[in-house]
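Listed below, chain by chain, are the residues.
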Amino acid sequence: MSESAERRSVADIADVTGLQTEKGFRRIINTQPFWVLVALVLICILMGSISDTFLSERNLFTTTRNFAFMAIVALGMTTVIVTGGIDLSVGSIMGLSGIMAGITLAAGYPVWAGLAACLLSAMAAGAVNGFLIAYLRMSPFVVTLGMLAIARSLALVISNNRMFYEFGPDQALFIAIGGGSTFGVANPFWVLIILTLVFAWLYRYSTWGRYVFAIGGNSEAAKLSGVPVERVLMSVYVVSGLTAGIAAFLMVGWLGSVTNALGQTYELQVIAASVIGGANLMGGVGYAVGAPIGAALVEVIRNSLLLAGVDPYWQGTFLGAFIILAVLLEKVRGRRGE
Amino acid sequence: MAVLELRQISKSFGAIRALENVDLTIEAGEVVGLMGDNGAGKSTLVKIIAGNFPPTSGKILIDGEEVHFTKPVEARRKGIEIVYQDLALCDNLTAAANVFLGREIKRRVGPIRYLDHKAMYERAAAIFAELKSETRPRDLVMRMSGGQRQAVAIARTRLSDPKLVLMDEPTAAISVRQVAEVLDLIRRLKETGHAVVLISHRMPDVFAVCERVAVLRRGRKVADKKIADSSPEEVTALITGALQEA
Ligand SMILES: Nc1ncnc2c1ncn2[C@@H]1O[C@H](COP(=O)(O)OP(=O)(O)OP(=O)(O)O)[C@@H](O)[C@H]1O
Ligand SMILES: [Mg+2]
């Protein structure tokens, strides 16, 4: 009796982490985020022993802050990828919503108005993506590629190619939100922690999360079962826009200025973080914790290369190689599982 | 009154006439076998009843009332459950998640509603036990055998108390023992007043549980008679066209 009660509680803990069968630790070690985390820890130990600066408080602070922006956007991206889609427009949405925040604050409005302008413009761009993809059944690749160009161009039009660095009466507060720290940890990293918990909860405990995975698994079956496929699909792109907007708001506060180039080519890093974190581009598989873990790996490798004195021009090569490697890893693991 | 009445149902897919003027009446608690060659239109007919797509022409009456379903949920709300031929499952979800897809059990704490995994696992386990299936609620459908997948699809129909259960080849992929369980389930459904339409290519199944058999050939209904007044030989002849009509 007591033994079965104990087993039950173990199983319930296992329930929290995903949608798989095996229980407890065995379950966790079968997921990609776990192995990426192992790799991450090994790299950190290695770098810590080679370089004095790597594990310094200063470097850890900047590293966690740097990958926080990427990881926040990767949470939205992971959700999109789970449905079997992709969002190439996140970098441009960051540019557009960052400019919207900047122009609103520069015009003398309070910080909440800047936040609203930022998030609403980001969600509006996501809603356009979502509408075209969910209701007109257009390919996510094509639609978000179009939005990549449109949002960037709108950022240029709205900003008239100006840079904003004076943020009105709430300037100090705005800069403190994105650029400051709380209890020694950069604010964007706190936001990341909270959002990761929220997404983990949504994936596991909300019908919305359940439907996101169902659509990625078999959207036809989901539809037949009464899942509001179009509505959920559209919401996923709105959420992706929202996370891009949140990251943009924090990033502008941290940088202390914004131009229309904010977030340029960011989509590449974000997709890399999601995929390395275990999001399967075929849809149906993804992890909320995968976004920060994948983003951390991308950032740590970038940081390590810099500290090792590798020419920054090589960064793209490494990033690209990691995306391909992550997909390859997934393929190999998938084959073994069959 | 008839649970379901189809009047002059026709369905075209472009140039293909999948169904032509099919009439079919099903009374409460009746088990009707629907047979026919591949491509005869059986799946098309049950999909129309289940609200997957509307007929090109013809009327559907449920309990004497005309209905126009635009999506499967509407048919489900009227008490129609269906097991699809291709099963329509999400491979990446667990058995229990599939059983409850679209009608999850939720709990509420204050304003927050969340999935009650424990309740769903337990209910799914109870249904699988009832079906005498080895299926485990926590297993991913991806790693399941054909029979287990079929059990998951059938379990979906056990969540509600439907008037009519449509089963499109529910015994196609399963073992002899499990076939017996599905046939038992159909008998139990009948005893409790549920009507069943059983599509099957297996003559013994149809003759074991159905009281009536309807035969479709190239989209037309060519026979609709009591099992007692027919024979496997006659039905075979009707399916192949050796016998034109009966
Ligand atoms: N969505 C569709 N679009 C076009 N044609 C279709 C569609 N669904 C069915 N058909 C056609 O309608 C006809 C009837 O198909 P249906 O699936 O109803 O046959 P069936 O009797 O269920 O056959 P089986 O025993 O092989 O399952 C076939 O010619 C098929 O090609
Ligand atoms: Mg069929």
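Above: the structure in question.
The rules behind the values
Residues numbered from 1 in each chain as written. Chains lettered and ligands numbered in written order. Predicted model: local features only at pLDDT ≥ 70, side-chain atom pairs only at ≥ 80, totals over all residues. Heavy atoms only, no water. Contact = heavy atoms within 4.5 Å. Buried area = accessible area lost by both parts, 1.4 Å probe. Polar contact = N/O pair within 3.5 Å; in protein donor to acceptor, adjacent residues only side chain to side chain. Helix = DSSP H or I, 4+ residues; strand = E, 2+ residues; numbered from the N terminus. Nonpolar A, V, L, I, M, F, W, Y, C, P; charged D, E, K, R; others polar. Donors = N, O, S within 2.8 Å, 3.2 Å for Na, K, Ca; no water. Buried < 20%, exposed > 50% of the residue type's maximum accessible area, 1.4 Å probe, protein only. Pairing = 2+ DSSP bridges. Axes fitted to C-alpha atoms, helices over the stretch in contact; angles between N-to-C directions. Core = buried A, V, L, I, M, F, W, Y, C linked by side-chain atoms within 4.5 Å.

Further remarks concern the interface of chain A and chain B. Contacts between the two partners involve 27 residues from chain A, matched on the other side by 30 residues from chain B. Interface area for chain A against chain B, summed over the two sides, is near 2400 Å², with a carbon-plus-sulfur share of 58%. Put simply, chain A and chain B have 8 residue pairs in polar contact (both at pLDDT 80 or more) between them. Mapped onto the side of chain A that touches chain B, the elements with two or more residues apiece are helix 1 (2–15), helix 9 (187–205) and helix 10 (207–224) of chain A. Counted by class, the side of chain A that touches chain B contains 11 nonpolar, 10 polar and 6 charged residues.

Residues and elements named next belong to chain B. S43 (OG) and Q85 (OE1) make up the full set of protein donors to the magnesium ion (ligand 2), lying at 1.9 to 2.0 Å. A residue pair is termed long-range when its members are at least 10 positions apart, and S43 in helix 1 (residues 42–49) and Q85 in the loop between strand 6 (80–83) and helix 3 (95–99) qualify at 42 residues. For Q85, a relative accessible area of 42% corresponds to the partly exposed category.

Turning next to the sheet that holds strand 10 (residues 195–199) of chain B. All names here are of chain B. What the 6 strands build is an open sheet, ordered 6-9-10-3-11-12; its pairing is mixed. In this open sheet, the two edge strands, each paired with only one partner strand, are strand 6 and strand 12 (220–226). Neighbouring strand axes in the sheet, compared pairwise and without regard to direction, differ in orientation by 15 degrees on average. Where strand 11 (residues 212–217) meets strand 12, 6 bridges bridge the pair, whose relative direction is antiparallel. Paired with V213 across the bridge in strand 12 is K225.

Time to look at the side chain of S92 of chain A. All names here are of chain A. If you trace the backbone, S92 turns up in helix 5 (residues 90–106). Overall, S92 belongs to the buried group, its relative accessible area being 2%. Polar contacts involving the side chain of S92 include one to the main-chain carbonyl oxygen of L148, which spans 2.6 Å. Once you skip the residues sitting within four places of it in the chain, S92 turns out to touch M147, L148, A151, R152 and E267.

Among soluble globular proteins, nonpolar side chains are generally buried collectively. Core analysis: the biggest nonpolar cluster contains 128 residues, and L45, L164 and L166 of chain B have the highest contact counts within it. With 14 residues, helix 11 (residues 229–255) of chain A is the single largest residue contributor to this core. The residues touching L166 of chain B, leaving out its near neighbours within four places in the chain, are V46, I49, A50, I80, E81, I82, V83 and V197 of chain B. Within the second largest apolar cluster, 47 residues are counted, among which are A155, V165, M167 and V196 of chain B.

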